[in-house]
Amino acid sequence: MKQQKDEPQRDQTQDGVQVQAMNQALGASMDAILAQWQRERPDLDSAVMAICGDVWRAGERLRQGVTGNLSASGLDIAGFDVLLTLRRQGRDEALSPSALAKDMMLSTSAMTNRLDRLEKRGLIKRQTDPGDRRGLKIVLSEEGFRLADELVASHVQTEERMLGALSQEERDQLRELLSRIG
């Protein structure tokens, strides 16, 4: 939404958070930033900065919405990611720590810390790999499975609210455009 320099932003709510307050917390408007760069460095086409800035800000808004949804569970995004990665494998299905790390694009050392915290909470179990007695497999405990099922439902609802202003066609277009970036 383009705005004039002194025009106030609309007072909309997004997942219970005031969009205006969130935008202010994320800094100056992209149009104002572009105008400043145009004034200071007219030799550069700074439009790409606005695109990247809008993507980063949208990502931050989405991250805040997801984090807010997780707050009651006591999980952070890292633990949530592990639970959902295991949950989508199916009940009683297990992954090795290295397969889990690869699936989540993490180092194995980062995965170890996450698994330690989740095991301490009783949400996962480490089991001996039946195919390799030296190896381990990670599986959700019953409590972890239950929590993952609850969280995935509220997660989808939260994301639906955050993307509610987009039509299905716009969502498809956005996915297509973002996939070209990486």
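Look up a bit, the structure's there.
Values in this document were obtained by computation on a predicted structure and should not be read as measured data.

Draft legend 1. Just the overall build of the protein chain, in detail. On a plain count of helices and strands, the protein chain comes out with eight helices and four strands. The order of helices and strands in the protein chain, counted from the N terminus, is β-β-α-α-α-α-α-α-β-β-α-α. Taking all 182 residues of the protein chain together, 29% fall into the buried category. If you sum the accessible surface of the protein chain, you get close to 12,400 Å²; carbon and sulfur atoms cover 52% of it.

Draft legend 2. Quick peek at the packing of helix α2 (residues 30-40) against helix α3 (residues 47-70). Across the interface, α2 lies against α3 with an axial gap of 10 Å and an inter-helix angle of 155°. Classed by the angle they form, the pair α2 and α3 counts as roughly antiparallel. Regarding α2 and α3, the two cross each other, and that crossing is right-handed. Residues Met-30, Ile-33, Leu-34 and Trp-37 of α2 lie in contact with α3, whose contacting residues are Ala-47, Met-49, Ala-50, Gly-53, Asp-54 and Arg-57. The class makeup of the residues in the contact of α2 with α3 is seven nonpolar, one polar and two charged.

Draft legend 3. Representation of unusual backbone geometry. Although it is not a glycine, Asp-92 sits at a positive phi angle of roughly 65°. Mapped onto the elements, Asp-92 comes out in the loop between α4 (77-87) and α5 (97-103). Accessibility expressed as a relative area gives 57% for Asp-92, which makes it exposed. Although it is not a glycine, Met-105 sits at a positive phi angle of roughly 60°. Here Met-105 is to be found in the loop between α5 and α6 (108-120).

Draft legend 4. Structural view of the nonpolar core. By size, the foremost hydrophobic cluster in this structure holds 24 residues, and its most contacted members are Val-82, Leu-83, Leu-86, Leu-100 and Ile-124. The set of elements that each furnish at least two residues to this core consists of α3, α4, α5, α6, β4 (132-140) and α7 (142-162). Excluding anything up to four places from it in sequence, Leu-83 contacts Leu-75, Leu-118, Leu-123, Ile-124, Leu-140, Leu-147 and Ala-148.

Draft legend 5. The arrangement of α6 in detail. If you check α6, its first and last C-alpha atoms are 18 Å apart, about what 13 residues at 1.5 Å a residue would give, namely 18 Å. When we look at burial in α6, the residues that qualify are Met-111, Arg-114, Leu-115 and Leu-118. Taken down its axis, α6 places every buried residue within 100° of arc, on the same side. On its buried face, α6 is in contact with α4, α5, β3 (124-129) and β4. Of the residues one or two after α6, Gly-122 is the one with positive phi, at around 80°.

Draft legend 6. Fine view of the side chain of Arg-114. Looking at the element boundaries, Arg-114 is found in helix α6. Buried charge Arg-114 goes without a salt bridge, the closest partner of opposite sign being Asp-81 at 4.4 Å. The residues contacting Arg-114, other than those within four sequence positions of it, are Ala-78, Asp-81, Val-82, Met-104 and Leu-106.

Draft legend 7. Structural view of the packing of aromatic side chains. Evaluated as defined, the whole model comprises zero aromatic pairs. Across from the ring centre of Phe-145, 3.7 Å away, lies the NZ or CZ of Arg-91, which sits over that ring.

Conventions and cut-offs
- Residues numbered from 1 in each chain as written.
- Predicted model: local features only at pLDDT ≥ 70, side-chain atom pairs only at ≥ 80, totals over all residues.
- Heavy atoms only, no water.
- Helix = DSSP H or I, 4+ residues; strand = E, 2+ residues; numbered from the N terminus.
- Buried < 20%, exposed > 50% of the residue type's maximum accessible area, 1.4 Å probe, protein only.
- Areas by Shrake-Rupley, 256 points an atom, 1.4 Å probe, with all protein chains shown as cover.
- Axes fitted to C-alpha atoms, helices over the stretch in contact; angles between N-to-C directions.
- Parallel < 35°, antiparallel > 145°, perpendicular 65-115°, else oblique.
- Left-handed = near helix turned anticlockwise from the far one by under 90°.
- Contact = heavy atoms within 4.5 Å.
- Nonpolar A, V, L, I, M, F, W, Y, C, P; charged D, E, K, R; others polar.
- Core = buried A, V, L, I, M, F, W, Y, C linked by side-chain atoms within 4.5 Å.
- Expected span 1.5 Å × (residues − 1).
- Arc of directions from axis to C-beta.
- Lys, Arg positive; Asp, Glu negative; His and termini not counted.
- Salt bridge = Lys/Arg side-chain N within 4 Å of Asp/Glu carboxyl O.
- Phe/Tyr/Trp six-rings, centres within 6.5 Å; stacked < 30°, edge-to-face > 60°.
- Lys NZ or Arg CZ within 6 Å of the ring centre and 35° of its normal.

What is shown is where atoms sit, not what they do.
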